[in-house]
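Residue strings, one per chain:
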Amino acid sequence: MTDTTAASGAAGILAVDIGGTGLKCAVIDDHGTMISERERVDTPHPCHPEALLDAYAGMAAKHPAFDRIAIGFPGVVREGKVLTAPNLGTELWAGFALADAMAARLKAPARLINDAEMQGYGIVSGKGLEMVMTLGTGCGTAVFRDGELMPHMELAHHPVHDNLTYDEYLGVAAYEAHGKKHWNHHVQRVIELLYVLLHYDHLYLGGGNAKHVEIELPANVSLASNDAGLTGGAALWRKG
């Protein structure tokens, strides 16, 4: 078993990608390159904070040494604390100081950001207005201007069609209920709506369900690697 304490000389960052269906982590370097294999376990349900911390303590023990932690969380977060956790249970998570709790449990300082925003840091080119939309259990979004993260918009819970939110329109439940073809029509509609809203220079589609996108994408829309949900964690520590 590998010692995961903040050992002298350890340069790795433990990147933590929390999802509604899967918990993932890997150790990355300061440039976001993976220096360990990605590990995944199913998200426990109900997902109490202690259950999540137990899961990551078990996974982290199998990885090379790290001296920092970067956490991507599926909800609104601010100053190291969770405000909402729609796919994990906001009633369980609201106000929970996840960064401090993870740091205490894994013996390394931790920084916390929304999961779509962490993925965006691993994707964007740094030029112009770029948007990331993650398609997974729900739907996450992040907006960057010249590589700088813009204020968080919780579009996941904004109505998009017939009073359905983005989560309900694009999330895994919609995919399973309507099938791939109909779900792809939803994706196409949202791509068009987001362009009207933001006139983005580029939109990146990520998340576990991006692999199901089969429509012809505009020139300024592309699929992105799901590993960016981990590799983007390096940027949390480059940002001071």
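Residues numbered from 1 in each chain as written. Predicted model: local features only at pLDDT ≥ 70, side-chain atom pairs only at ≥ 80, totals over all residues. Heavy atoms only, no water.

Labelled according to an unreviewed UniProt entry, the protein chain appears under the name Polyphosphate glucokinase, originating from Ancylobacter vacuolatus. What UniProt records for the protein chain under Sequence similarities (unreviewed entry) is the sentence "Belongs to the ROK (NagC/XylR) family." (UniProt positions renumbered as here; feature names shortened; annotations may be inferred.)

**Q** Talk me through the sheet that holds strand β9 (residues 139-145); I want residue IDs and the actual numbers.
**A** Pairing is mixed in the open sheet, where 5 strands are placed in the order β10-β9-β8-β13-β14. The strands lining the two open edges of the sheet, one partner per strand, are β10 (148-149) and β14 (221-223). Direction of pairing for strand β8 (residues 129-135) relative to strand β13 (residues 202-206): parallel, over a ladder of 5 bridges. Bridging from a neighbouring strand, threonine 134 pairs with glycine 206 of β13. Contacting β8, β9, β13 and β14, helix α7 (residues 180-198) runs over the sheet at an angle of about 155° to β8. (Pairing = 2+ DSSP bridges. Helix = DSSP H or I, 4+ residues; strand = E, 2+ residues; numbered from the N terminus. Contact = heavy atoms within 4.5 Å. Axes fitted to C-alpha atoms, helices over the stretch in contact; angles between N-to-C directions.)

**Q** Summarise the nonpolar core; cite the residues concerned and give the values.
**A** The nonpolar side chains of soluble globular proteins are, as a tendency, buried together. Ile18, Ile69, Phe73, Leu98 and Met102 are the most contacted members of the largest nonpolar core, which totals 31 residues. Elements with a minimum of two residues in this core: β1 (12-18), β2 (22-28), α1 (49-60), β4 (66-73), α3 (98-106) and β7 (110-114). Look past the residues within four positions of isoleucine 18 in its chain and what remains in contact with it is Leu23, Leu52, Tyr56, Ile71, Gly72, Phe73, Pro74, Leu88, Leu98 and Asp115. Judged by nonpolar contacts, the second largest core, of 23 residues, contains Tyr169, Tyr200, Leu205 and Val213. (Core = buried A, V, L, I, M, F, W, Y, C linked by side-chain atoms within 4.5 Å. Buried < 20%, exposed > 50% of the residue type's maximum accessible area, 1.4 Å probe, protein only.)

**Q** Outline the side chain of glutamine 119, supporting the account with residue identities and numerical values.
**A** Residue position: glutamine 119 is located in helix α4 (residues 115-121). Relative accessible area serves as the criterion here: at 4%, glutamine 119 is assigned to the buried category. When near neighbours in sequence (up to four residues on either side) are disregarded, glutamine 119 contacts Thr134, Gly206, Gly207, Ser225, Asn226, Ala228 and Gly229.

**Q** Describe the pairing of β1, naming the residues involved and giving the relevant values.
**A** Most of β1 is tucked away, with 7 of its 7 residues classed as buried. Residue alternation in β1 divides its side chains into two sets, Gly12, Leu14, Val16 and Ile18 and Ile13, Ala15 and Asp17, and both sets are buried. Where β1 lies against β4, 6 bridges are found, and the strand directions are parallel. Within the sheet, the bridge partner assigned to aspartate 17 lies in β4 and is glycine 72.

**Q** Break down empty space enclosed by the protein for me, citing the residues and quoting the values.
**A** On inspection of all chains with the given rule, the structure shows 1 cavity of 30 Å³ or more. By volume, the largest cavity is sized at about 40 Å³. Every residue along the wall of the largest cavity is listed here: Glu117, Thr141, Ala142, Val143, Met150, Pro151, His152 and Met153. By residue number, the principal contributor to the lining of the largest cavity is β9, which donates 3 residues. In terms of residue class, the lining of the largest cavity is made up of 5 nonpolar, 2 polar and 1 charged. (1 Å grid on protein atoms, 1.4 Å probe; cavity = no way out; pocket = protein on both sides within 12 Å on 5 of 7 lines; lining within 4 Å. Points joined across faces, edges and corners; volume = space filled by probe spheres on them. Nonpolar A, V, L, I, M, F, W, Y, C, P; charged D, E, K, R; others polar.)

**Q** Residue-level account of the packing of α1 against α3, with values.
**A** Two elements in contact, α1 and α3, have axes separated by 10 Å at closest approach and are oriented at 40°. With respect to α3, the element α1 is oriented oblique. Of the two elements, α1 crosses α3, and the hand of that crossing is right-handed. On α3, the residues touching Glu50, Leu52, Leu53, Asp54, Tyr56, Ala57 and Ala60 of α1 are Leu98, Ala101, Met102, Arg105 and Leu106. Looking at the contact of α1 with α3 residue by residue, the classes come out as 9 nonpolar, no polar and 3 charged. (Parallel < 35°, antiparallel > 145°, perpendicular 65-115°, else oblique. Left-handed = near helix turned anticlockwise from the far one by under 90°.)

**Q** Quick rundown of the packing of aromatic side chains? Include the residues and the values.
**A** Tallied over the full model, the rule gives 5 aromatic pairs. With 5.2 Å between their ring centres and 55° between their planes, phenylalanine 73 and tryptophan 93 make a pair best called tilted. Of this pair, phenylalanine 73 sits in strand β4 while tryptophan 93 sits in helix α2 (residues 90-93); the two residues are 20 residues apart in sequence, bridging distant segments of the chain. Here tryptophan 93 falls in the buried class, since its relative accessible area comes to 0%. Relative to phenylalanine 144, the ring of tyrosine 121 lies with its centre 5.2 Å away and its plane at 70°, an arrangement referred to as edge-to-face. (Phe/Tyr/Trp six-rings, centres within 6.5 Å; stacked < 30°, edge-to-face > 60°.)

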